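# Observations on the three-dimensional arrangement
What follows is the residue order along each chain.
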Amino acid sequence: VLYNKQRNDTVLRVQFHSQFWLTGHMQCSKYFFFFNDVSCSEPANIVTSIYKTGNQSWGVSPPGEVSGVCYATKKGPLLSGNVEIAVHIQQPCGLKNAVTGKNSHGDVTSFVLVEEYCLNKKVNR
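Cut-offs and rules
Residues numbered from 1 in each chain as written. Predicted model: local features only at pLDDT ≥ 70, side-chain atom pairs only at ≥ 80, totals over all residues. Heavy atoms only, no water. Pairing = 2+ DSSP bridges. Helix = DSSP H or I, 4+ residues; strand = E, 2+ residues; numbered from the N terminus. Buried < 20%, exposed > 50% of the residue type's maximum accessible area, 1.4 Å probe, protein only. Polar contact = N/O pair within 3.5 Å; in protein donor to acceptor, adjacent residues only side chain to side chain. Salt bridge = Lys/Arg side-chain N within 4 Å of Asp/Glu carboxyl O.

Another aspect to go through is the pairing of strand β4 (residues 38-42). Relative to β4, strand β3 (residues 27-35) runs antiparallel, the two being bridged by two bridges. By the bridge assignment for β4, Phe-34 is matched with Ser-39. Hairpin connection from β3 to β4: two residues lie between these consecutive antiparallel strands, with Asn-36 at a positive phi of about 50°. Bridge count for β4 against strand β7 (residues 72-73) is two bridges, and the pairing is antiparallel. Along β7, the bridge assignment pairs Cys-40 with Thr-73.

Here it is, written out as structure tokens:
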């Protein structure tokens, strides 16, 4: 998602809603938000983890959300102008077969929301 940030003194609130799909046994995956190819560092990294335990080979597809607020990355504050926002998947264990946007019918069900806030007041959606 390419977001046009309006001001230098604001934070971005981001949300990613999807179905998180894992197959196999003893699987896990992490879903991160990246801003201009770097993870958030202020106030913290925006991440969620999904775990699947047991010996079943069938998949699970729980609905989920990754959400948080970002002011800056290791490269510095998120300044006004275009900010590229992406969700990255990391699989530290298992078969490396996690996907998003899939439910039991094969439908795509993912979306990203971005809001800009300044001093507890919404600036832009």
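This paragraph deals with the side chain of Glu-115. Secondary-structure assignment places Glu-115 in strand β11 (residues 111-118). Look at Glu-115 and you get buried, because its relative accessible area is 10%. Among the polar contacts made by the side chain of Glu-115, one reaches the side chain of Tyr-117 at a distance of 3.3 Å.

The next subject is the pattern of salt bridges. Under the counting rule described, the total for this entry stands at two salt bridges. A salt bridge links Arg-7 to Asp-9; the nearest nitrogen and oxygen atoms lie 2.9 Å apart. By relative accessible area, which is 37% here, Arg-7 ends up partly exposed. Judged by relative accessible area, which is 43%, Asp-9 ranks as partly exposed. The residue Glu-115 makes a salt bridge to Arg-13 at a minimum N-O spacing of 2.9 Å. Residue Glu-115 is found in strand β11, and its partner Arg-13 is found in strand β2 (residues 11-21); the two are separated by 102 residues along the sequence.

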